[in-house]
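Commentary on secondary and tertiary structure
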Amino acid sequence: MLVYWLRSRHKIKTIEMSDGWWGSGERPVKGKEDESIRPFRIETCDKEIEDLHRRLDQARYTPHVEGAAFHYGFNSSYLQKVVAYWRNQFDWRKQVEVLNKYPHFKTTIEGIEIHFIHIKPSYVPHGRAVQPLLMVHGWPGSFYEFYKIIPLLTEPASHGLNEGDVVFEVICPSIPGYGFSEAPHKQGFDSVAAARIFHKLMNRLGFKEYYLQGGDWGSRITTNMAQMLPQCVKGLHLNLVFITARGFGGIFSVMLGAYAPWLVGFTREDVHRMYPFIQKNIYDILRESGYLHIQATKPDTAGCGLNDSPVGLAAYILEKFSTWTNKSFLQRDDGGLESKYTLDELLTNVMIYWVTASIVSSMRFYKENITKDPDLNAISRVGVYVPTGIAAFPQEITHTPQVWTKKAYKNIITYSYMPRGGHFAAFEEPRLLAQDIMNFVRKVEHL
């Protein structure tokens, strides 16, 4: 009995792989699913662009409150400037060519078409191993978020990074219901289902072991992948970890952390990022999470208008790229958007949602996950045992100190306080994120 107890203490808990069917109608009783991987190209046409222009021309605007900046949401005066650029200067055909510069593919998994891009390095130094890396986006982002970081990871030497000692082969899928991945036709598609599908994708591509990277929903999906098949995951790198203080111990650490941080495992940087605690972890999160409550309850209602109005869609999405990039951008009339991104970059991401009519299905992902796990704490109950790297960006929505992160992630190899950047790390600070990923992988490979 004692021997069994000792063994059970060291047994790693995992999430069951299981199976699923998300296609329309009943799952076919006979016949194997088509496992072919099909080349795919994004295309557009005059009709699509003319329809967009017609809707932009017919938009109605509500005058903003004087001095509102971005405190009430997207400033309508600046929104008109964005729409004018979208209507008269933005070249969707050109951006489609930009999107198609990397190879796109589709394959059918569990009854739905999964879209992904797959980029291999053009040159690999002799004796260097290429590391497969699956990178998963979140909401309201897309696979396009990774376009600036991909060349840094696949061609590091040519970009002045580590002389090519770590080289990646990058796979970036679209979460089902986002962009060019088909939306699930059944209820219940959550991050665990996405994790299983992406494992199947990597297996279909011939990979037995691989690295994972994610932020936002990508963080939760890749974490679930590490919990599901830890033997396949060489390492997990995240730029968002959401673990809150719980119970008496959590409350005690929050209260004491402001005065004696070393007693509860906080660093000076943790204190700087977390306090004043009520302001940064309650008021700020309440202000920025209204969308979450809508999408976790009645996504189809709010999504109906967004799917019909490109102006409404742009305001809804781009407001997140303002305040989630830097909280102080609330104070600016233009939301600080063009200080970090170009309008072409921002509108290309919006267009991915628009041309695929995927905003509603992307919003449903909140309902499917939060209905099952209201406090998003299931990760902690299972634990993550694969080598893990954390990049903590200072303008992230919430900061999770390493001492809290260890509650769920049991094998942290690197924990980096990034010098700048916010929620959309790969999009905003691709070089910083690439360097941190490489540093993490280098350490894992030498364990």
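Residues numbered from 1 in each chain as written. Predicted model: local features only at pLDDT ≥ 70, side-chain atom pairs only at ≥ 80, totals over all residues. Heavy atoms only, no water.

**What about the nonpolar core?**
Counting 126 residues, the largest nonpolar core has W139, L318 and Y409 as the members making the most contacts within it. Judged by nonpolar contacts, the second largest core, of 8 residues, contains V254, F266, V271 and M274. (Core = buried A, V, L, I, M, F, W, Y, C linked by side-chain atoms within 4.5 Å. Buried < 20%, exposed > 50% of the residue type's maximum accessible area, 1.4 Å probe, protein only.)

**Overview of the sheet that holds strand β6 (residues 210-214)**
Across the sheet, which stays open at both edges, the 9 strands sit in the order β1-β2-β3-β5-β4-β6-β7-β8-β9 with mixed pairing between neighbours. In this open sheet, the two strands that pair with only one neighbour each are β1 (38-40) and β9 (412-417). Between one strand and the next, the sheet's axes are offset by a mean angle of 25°, whatever the strand orientation. Packing of helix α6 (residues 191-204) onto the sheet brings it into contact with β2 (104-109), β3 (112-119), β4 (130-136), β5 (167-173), β6 and β7 (233-238), and relative to β2 it is tilted by some 115°. (Pairing = 2+ DSSP bridges. Helix = DSSP H or I, 4+ residues; strand = E, 2+ residues; numbered from the N terminus. Axes fitted to C-alpha atoms, helices over the stretch in contact; angles between N-to-C directions. Contact = heavy atoms within 4.5 Å.)

**Concerning the packing of aromatic side chains**
Under the counting rule described, the total for this entry stands at 30 aromatic pairs. Here F70 and F74 contribute two aromatic rings whose centre-to-centre distance is 4.9 Å and whose plane-to-plane angle is 55°, an arrangement assigned as tilted. Ring geometry for F321 and Y341: centres 5.9 Å apart, planes at 85°, overall edge-to-face. Placement of F321 in helix α13 (residues 310-323) and of Y341 in the loop between α14 (337-340) and α15 (343-356) is noted, with a sequence separation of 20 residues between them. The same class applies to F321 as to Y341, namely buried. (Phe/Tyr/Trp six-rings, centres within 6.5 Å; stacked < 30°, edge-to-face > 60°.)

**Re the environment of I112**
With respect to the helices, strands and loops of the structure, I112 is situated in strand β3. Taking C-alpha positions, I112 is 46 Å from T267, a pair spaced 155 residues apart along the chain. The residues touching I112, leaving out its near neighbours within four places in the chain, are W22, G23, T107, P176, E182, A183, P184, H185 and I197.

**Observations regarding the packing of helix α3 (residues 76-88) against α15**
In a pair of packed helices, the angle between the axes and the distance between the axes together describe the arrangement. Interaxial distance between α3 and α15 falls to 11 Å at its minimum, and their mutual angle equals 80°. Judged by the angle between their axes, α3 and α15 are roughly perpendicular. On α15, the residues that touch Y78, V82, Y85 and W86 of α3 are L343, D344, L347, V350 and M351. Tallied by class, residues from the contact of α3 with α15 come to 8 nonpolar, no polar and 1 charged. (Parallel < 35°, antiparallel > 145°, perpendicular 65-115°, else oblique. Nonpolar A, V, L, I, M, F, W, Y, C, P; charged D, E, K, R; others polar.)

Keep in mind these values describe shape, not function.
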